Amino acid sequence: MKKILSLLAVFAMCISCFSCDDDKDEDDISETVSDSENTVDSGDTVVEQQFREFEESDFQTLNVPLTFTEEEAPVTLNKFEIPELDFGKRIAPCKKSDDPSQFDPIAQHPYTWTDENGVEHKSESTYMKLLDTPEDGMLTTASFFDNKVYLNVTFDNFCIGCHEWSVYEYDMEKMDMREIYKYSGISKEYAAGFWVSPVLGNDDKMMMSGYKIDDPEKNVLISVDRETGEEKVVYESDNYINITNSRNGILMAETEDINNSASRLRLTINEYDTDTGELRNIADKVETKMYHFVGSELNAYLMKPLDSRKCRLVTEHYSIGTDITNGNVVYASDKKAIMYEGNCEVLHTFDLEKMEHYVTELGEKSGQIAACGENLILGDSFSSRDDVTNIYYIIPDIGLAFTLAENISAEIFKTNGDTVTFNGCKEEIMSLNEDDSFQRDYYKPTAVYWVTEQ
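Residues numbered from 1 in each chain as written. Predicted model: local features only at pLDDT ≥ 70, side-chain atom pairs only at ≥ 80, totals over all residues. Heavy atoms only, no water.

Draft legend 1. Examining the overall build of the protein more closely. Within the protein, the secondary structure is distributed over two helices and 37 strands. In the protein, buried positions account for 52% of the 454 residues. Taking the intrachain contacts of the protein between residues at least 6 apart in sequence as the baseline, contacts between residues at least 24 apart amount to 48%. Accessible area for the protein stands at about 22100 Å²; split by element, carbon and sulfur atoms hold 43% of it. (Helix = DSSP H or I, 4+ residues; strand = E, 2+ residues; numbered from the N terminus. Buried < 20%, exposed > 50% of the residue type's maximum accessible area, 1.4 Å probe, protein only. Contact = heavy atoms within 4.5 Å. Areas by Shrake-Rupley, 256 points an atom, 1.4 Å probe, with all protein chains shown as cover.)

Written as structure tokens, this is what we have:
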């Protein structure tokens, strides 16, 4: 660790060599203060904190190239090989409904194709031939949280939607598994779908967003107690609810189109406190062309005003007008904000204490990225379905990169609590009946990775 600290000191001294704007003086930085105020609890004293508004021109911009070191990283990448697990077989209730064809993608969307001999063929339904065939549980995603692995499993692979799925908790020490959530039905009030990776809270709650079956225009936030299985709807909206972790629970974003235009939105963000059940508004019908949000030290979102080509970062305590035209926010605190441009080609780090803006070109290293504390975990490909990836721990302020793993499969990066987790996959074939006449290929999670501090 001492070697790492010495390296950080050297890089910090060298950073000024990469300045691309030497004419700025920190004393000349202009800061606009809005009328809105926040309160910060500092022990027994409540301190009023004014909302600050910055522009990118208020920061001294420094080009910080990505530099790789062979020193030991300050974090460890852990791996758990998922054993072969038997989830049993089930027949999804949609297959036993009065009209199963309404759930059949081929019946609802038929197509024709012509072979090399010019013979035309009609699409043939697999779903309708398997109405009496139980399907094996198929593992779709896996993630690490609080020393356990959480597994999403579906038993309904050929219909429109998913009507039979479960979430299992696997204890790595005891090597046993238990089902903590089960959905089965076509008339139930809501359905979240197996494709939703549940957000796991720090208070034994599992949160999912879904939609009402009997009223598709309604969307809901679902809370499930991981210990008791108690389930309840805690929030309802006319708009789709996108969720992620936050400091106090769950951050929810929903949008409505302006004049039926998908590129002109009204954005609302709320934080749901999983301890108290209270709802706190972060953004209320903000008009924007796009958005991306994150719950970190500060809740934050990136938006693009309707009259602008450039994005603005908005947190609970400040906002920064950027020159970025498209990107995502990764992390925000009172000291630092990190976002990336485009498809993760360029990192932008704003240091609010030094009033410096660090720009790091990732080039061919662009891929998946997630916050790990105030630093980053980077995978240099977007999906292991196309290629293997290398995993790096990056200190963006100085562009220092530590290699955590090379040539592994890695996808679905997510931040759970204090760690970053993802799963490795491999392509497999699933046989849907005994004579193997119906098969499908899929990408099966085979390992779970997570990051911990040294």
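Draft legend 2. Structural detail: the sheet that holds strand E12 (residues 164-171). Across the sheet, which stays open at both edges, the four strands sit in the order E10-E11-E12-E13 with antiparallel pairing between neighbours. Two strands bound the open sheet, and with one partner strand each, they are strand E10 (138-145) and strand E13 (176-184). Neighbour-to-neighbour, the strand axes of the sheet open up by a mean angle of 20°, direction not taken into account. Bridge count for E10 against strand E11 (residues 148-154) is seven bridges, and the pairing is antiparallel. Along E11, the bridge assignment pairs threonine 141 with asparagine 152. (Pairing = 2+ DSSP bridges. Axes fitted to C-alpha atoms, helices over the stretch in contact; angles between N-to-C directions.)

Draft legend 3. Spatial organisation of the sheet that holds strand E29 (residues 346-351). Read from one edge of the open sheet, five strands run E3-E30-E29-E28-E27, paired in mixed fashion. Each edge of the open sheet carries a strand with a single partner, namely strand E3 (60-63) and strand E27 (327-332). Along the sheet, successive strands turn relative to each other by an average axial angle of 20°, direction set aside.

Draft legend 4. Local environment of the pattern of salt bridges. With the rule as written, the count across this model stands at 19 salt bridges. With its nearest N and O atoms 3.0 Å apart, the salt bridge here joins arginine 280 to glutamate 271. You can call glutamate 271 buried: its relative accessible area is 3%. The structure contains a network of salt bridges with shared partners spanning Arg247, Glu271, Arg280 and Glu316. (Salt bridge = Lys/Arg side-chain N within 4 Å of Asp/Glu carboxyl O.)

Draft legend 5. The arrangement of the packing of aromatic side chains in detail. The final tally for this structure, using the stated rule, is 13 aromatic pairs. Here the aromatic rings of tryptophan 165 and tyrosine 181 are separated by 5.3 Å at their centres, their planes lie at 50°, and the arrangement is tilted. Within this pair, whereas tryptophan 165 is found in strand E12, its partner tyrosine 181 is found in strand E13, the two being separated by 16 residues in sequence. A residue is classified by how much of its surface remains accessible, and tryptophan 165, at 0% relative accessible area, is buried. Both rings, one in tryptophan 165 and one in tyrosine 183, keep their centres 6.3 Å apart while their planes meet at 35°; by these two values the pair is tilted. (Phe/Tyr/Trp six-rings, centres within 6.5 Å; stacked < 30°, edge-to-face > 60°.)

Draft legend 6. Spotlight on the environment of isoleucine 186. Looking at where isoleucine 186 falls in the secondary structure, it is placed in the loop between E13 and strand E14 (190-191). For isoleucine 186, a relative accessible area of 26% translates into the label partly exposed. Along the chain, isoleucine 186 and proline 93 lie 93 residues apart, while their C-alpha atoms are 6.7 Å from each other.

Draft legend 7. Structural view of the side chain of aspartate 273. Note on placement: aspartate 273 falls in strand E21 (residues 261-273). Buried and unpaired, aspartate 273 has no salt bridge, with arginine 280 as the nearest side chain of opposite charge at 7.5 Å. Reaching out from aspartate 273, the side chain makes a polar contact with the backbone nitrogen of threonine 276 at a distance of 3.2 Å. Leave out the neighbours within four places in its chain, and aspartate 273 touches Asn248 and Glu278. (Lys, Arg positive; Asp, Glu negative; His and termini not counted. Polar contact = N/O pair within 3.5 Å; in protein donor to acceptor, adjacent residues only side chain to side chain.)

Draft legend 8. Quick peek at the pairing of strand E25 (residues 312-315). Residues Arg312 and Val314 line one face of E25 and the alternating positions Leu313 and Thr315 line the opposite face, and both faces are buried. Pairing of strand E24 (residues 299-303) with E25 involves four bridges; the strand directions are antiparallel. Among the inter-strand pairings, alanine 300 is bridged to a residue of E25, identified as threonine 315. In this structure, E25 lies alongside strand E26 (residues 318-321), joined through three bridges in antiparallel fashion. Within E26, the residue paired with leucine 313 across the bridge is isoleucine 320. Between the antiparallel neighbours E25 and E26 lie two residues.

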